Amino acid sequence: MRKQKGLLIVLSGPSGVGKGTVRKELFSQAGTNYEYSISMTTRAPREGEVDGVDYFFKSRVEFEELIEQGGLLEHAEFVGNYYGTPLAYVNETLEAGRDVFLEIEVQGAAQIREKLPEALFIFLAPPSLSELQNRLIGRGTETEDIIQKRIATAREELEMMSLYDYVVENDEIQKACDKINAIIVAEHCRRERVEKIYLSMLRGE
Ligand code: 5GP
């Protein structure tokens with residue numbers, strides 16, 4: 001029987017929502033059985049960051065070469081630096097039947113949605129979005145200007161959300177991690193995915 005391909009899991013969401021914190025928590029837990037794809041970036045390492053662990057740190061020239069060679073599954077410029085996902089690692093790991101987990105910003109997630117619509121897209125949402133009403137009118141202390149800014153931000157966040165399969169609110173890290181793991185388990189049980197395995201068995205593959 002042919003080995004079942006792994007699932008590509010994309011965690012994304014607005015800037016500042018805590019994607020990195022949730023991702024680190026997921027990978028610090030025993031029993032996590034998906035692989036983290038280490039991204040490439042042109043930003044300078046922060047204190048304590050290690051090349052090949054946190055990121056592969058590259059120069060702009062090196063990064064642009066990789067783009068030209070088609071070495072990246074997606075890439076985006078974020079606050080003046082490039083970030084991208086190495087294509088070879090993702091392909092090899094998925095082919096080996098292992099799930100791959102990406103934690104990336106929203107432009108990159110949109111590129112993957114185009115290229116690989118069968119991937120699993122999880123949107124990490126800020127808790128402020130569901131508290132919107134309280135925040136907008138509840139306290140009655142905000143100026144009209146601040147209320148308008150909040151409405152604009154919330155609208156943008158809702159628009160971004162429409163590309164995703166699931167929305168997880170990051171109200172508490174552990175709860176968010178539990179939901180993400182539950183989504184991944186459920187995704188593996190989807191009829192469309194499971195059916196493919198049985199059909200290929202019937203064909204003797
Ligand atoms: P930071 O510089 O704080 O580590 O990351 C900045 C942003 O880049 C975060 O939103 C992070 O999720 C995103 N990011 C990290 N790696 C990638 C990547 O490979 N591709 C894209 N598109 N975004 C990434």
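Here the structure is shown first, and the text comes after it.
Since the structure is predicted, the reported quantities are computational estimates derived from the model, not experimental observations. (Residues numbered from 1 in each chain as written. Predicted model: local features only at pLDDT ≥ 70, side-chain atom pairs only at ≥ 80, totals over all residues. Heavy atoms only, no water.)

## Re the pairing of strand β6 (residues 81-86)
Our working definition: Using a 1.4 Å probe on the protein chains alone, a residue whose accessible area is under 20% of its type maximum counts as buried, one over 50% counts as exposed, and one in between counts as partly exposed. Strands are runs of DSSP state E lasting at least two residues, helices are runs of H or I lasting at least four, and both sets are numbered from the N terminus onward. At least two bridges found by DSSP between two strands are what make those strands a pair.
Of all the six residues making up β6, six are buried; the element is thus mostly covered by neighbouring parts of the structure. Where strand β3 (residues 40-41) meets β6, two bridges bridge the pair, whose relative direction is antiparallel. When the sheet's bridge partners are listed, T41 is paired in β6 with Y83. Where strand β5 (residues 72-78) meets β6, six bridges bridge the pair, whose relative direction is antiparallel. Looking at the pairing, E77 lines up with Y82 of β6. Hairpin connection from β5 to β6: two residues lie between these consecutive antiparallel strands, with V79 at a positive phi of about 45°.

## Concerning the environment of E77
Definition in use: Contact between two residues is taken to exist if any of their heavy atoms lie within 4.5 Å; hydrogens are not considered. Counting of polar contacts relies on pairs of N or O atoms within 3.5 Å, with two restrictions inside protein: one atom must be capable of donating a hydrogen and the other of accepting it, and residues adjacent in sequence are counted only when both atoms are side-chain atoms.
As for its placement among the helices and strands, E77 is situated in strand β5. The partly exposed category is assigned to E77, whose relative accessible area is 38%. Put simply, E77 and Q107 are 30 residues apart on the chain and 8.7 Å apart in space, counted from C-alpha to C-alpha. Those residues within four positions of E77 in sequence are excluded, and the remaining contacts are R60, Y82 and Q107. A polar atom in the side chain of E77 sits 3.0 Å from the side chain of R60.

## A closer look at the side chain of S12
Looking at the element boundaries, S12 is found in strand β1 (residues 8-12). The class for S12 is buried, based on a relative accessible area of 0%. Here the side chain of S12 touches E105 through a polar contact of 3.3 Å, landing on its backbone oxygen. A polar atom in the side chain of S12 sits 3.4 Å from the backbone nitrogen of V106.

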